[in-house]
Amino acid sequence: TLVRPSAIPAGVTLNPLAQSGGVKAAYYSAAFIIRAVAAERLDIDPDEIDISSVRQAELPTGDRGGEIVLSDHLANGAGFASWVHEHWEELLTEVLSPSREDTFAGQLVSATHLLACDSSGYDCLRQYRNMTYHSLLDWRLGISLLRCLSGDTAVGLDGRFETPELAGWPELASQLRDAFCSAFGGVPAEFGDLPGVTIGDRPVVVVHPLWDTNAPTGILAAAISETAAPPRYLNTFNIHRRLSWSYLSLAED
């Protein structure tokens, strides 16, 4: 079973090789979310469905996007991956609008989990058997990607952060900016509705990992218009996980 976008929304990047890991993390997180929801519906162990690959793919539009490859764990298996393909819209609806609070998807976006988990934990996406992916897993990014696949393409670029996976993102971005400034210096700044920092005479804007900094729209474009020079960018995925790497990456721009 292959899962990939049919088109790339304006202002968004869905290329898993872009944004220094953030988009790749979104794909893997989305894959584990879909697998968990499917396993719950089928009443099977999630490991009955393998996440075989996340790879770059050229879309019919000519854009570069990503592709999730799901397969049955056993050769000549029971057709679980095919079932995911046949019930894709149903699974997507369950993730984005959970039918009950006691389901995997319902617990993922519950108020309790929202407050307790900023990326992933053993009560949501992490398992002993997916330890290789722990540094990538982020339920918020996974749902953001799945929402893009459903046709809701703003990902906060319209200035609205009302969906569960985006709730509190501006505050988180500001907190991560402050942590960056505490570690490496720089003057905290605000560029439009987005937090940032000025290092020397160069502005740095904090962005969401799925925003396309090469073709900015919405509040990102508005923020750039308020910078005194062409800005550099730091996304919240990397500041949160790789603070020192994020600082060093600025010298490469």
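Computed from a predicted model, the values in this text were never measured in an experiment. (Residues numbered from 1 in each chain as written. Predicted model: local features only at pLDDT ≥ 70, side-chain atom pairs only at ≥ 80, totals over all residues. Heavy atoms only, no water.)

### Quick notes on the environment of V187
Tracing the backbone through its elements, the reader meets V187 in strand β4 (residues 187-191). When the C-alpha atoms of V187 and E226 are compared, they prove to be 16 Å apart, with 39 residues separating the residues in sequence. When residues no more than four places from it in sequence are discounted, the contact partners of V187 are G196, V197 and T198. (Helix = DSSP H or I, 4+ residues; strand = E, 2+ residues; numbered from the N terminus. Contact = heavy atoms within 4.5 Å.)

### Comments concerning the sheet that holds strand β2 (residues 49-58)
Within a sheet, adjacent strands bond to each other through the backbone by hydrogen bonds, running parallel or antiparallel. If you walk across this open sheet you meet the three strands as β1-β3-β2, and the pairing is antiparallel. The two strands at the open ends of the sheet, each matched to only one other strand, are β1 (2-3) and β2. Sheet topology note: the β1/strand β3 (residues 64-72) ladder contains two bridges and is antiparallel. Along β3, the bridge assignment pairs L2 with V69. (Pairing = 2+ DSSP bridges.)

### Some details on empty space enclosed by the protein
Counted according to the given criterion, the structure contains one cavity of 30 Å³ or more. Considered as a void within the structure, the largest cavity measures approximately 30 Å³ in volume. The wall of the largest cavity is formed by V3, A30, A31, I34, I68, L70, W88 and L146. When residues of the lining of the largest cavity are traced back to their parent elements, those giving at least two are α1 (22-42) and β3. At three residues, α1 tops the list of elements feeding residues into the lining of the largest cavity. Taken together, the residues of the lining of the largest cavity sort by class into eight nonpolar, no polar and no charged. (1 Å grid on protein atoms, 1.4 Å probe; cavity = no way out; pocket = protein on both sides within 12 Å on 5 of 7 lines; lining within 4 Å. Points joined across faces, edges and corners; volume = space filled by probe spheres on them. Nonpolar A, V, L, I, M, F, W, Y, C, P; charged D, E, K, R; others polar.)

### Here's the deal with the sheet that holds β4
With mixed pairing, the four strands of this open sheet are ordered in space as β4-β5-β6-β7. The strands lining the two open edges of the sheet, one partner per strand, are β4 and β7 (232-235). Strand-to-strand twist in this sheet, taken as the mean axis angle between neighbours without regard to direction, amounts to 35°. Pairing of β4 with strand β5 (residues 194-199) involves five bridges; the strand directions are antiparallel. Residue pairing in the sheet places A189 in a bridge with G196 of β5. Where helix α10 (residues 243-250) meets the sheet, its contacts fall on β5, β6 (202-207) and β7, and the angle it forms with β7 comes to roughly 165°. (Axes fitted to C-alpha atoms, helices over the stretch in contact; angles between N-to-C directions.)

### Focus on the side chain of S144
Position of S144 among the secondary structure elements: in helix α6 (residues 139-150). For S144, a relative accessible area of 3% gives the class buried. When neighbours within four sequence positions are excluded, S144 is seen to be in contact with V155, E165, L166, H208 and L210. (Buried < 20%, exposed > 50% of the residue type's maximum accessible area, 1.4 Å probe, protein only.)

### Structural notes on the nonpolar core
I33, V84 and W211 are the most contacted members of the largest nonpolar core, which has 72 residues in total. Apart from residues no more than four positions distant in its own chain, V84 is found in contact with I34, A38, I49, L70 and L91. (Core = buried A, V, L, I, M, F, W, Y, C linked by side-chain atoms within 4.5 Å.)

### Some thoughts on the environment of S110
Turning to its location among the elements, S110 is positioned in the loop between α4 (104-108) and α5 (111-116). For S110, a relative accessible area of 23% gives the class partly exposed. Each C-alpha atom of the pair S110 and P98 lies 9.9 Å from the other, and the pair is 12 residues apart in sequence.

### A short note on the confidence of the model for the protein
Of the residues in the protein, 99% have a pLDDT of 70 or more, and the chain-wide mean is 94. When pLDDT is averaged over each helix and strand of the protein, the minimum, 90, is found for β1 and the maximum, 98, for helix α8 (residues 218-224). (pLDDT = per-residue confidence, 0-100.)

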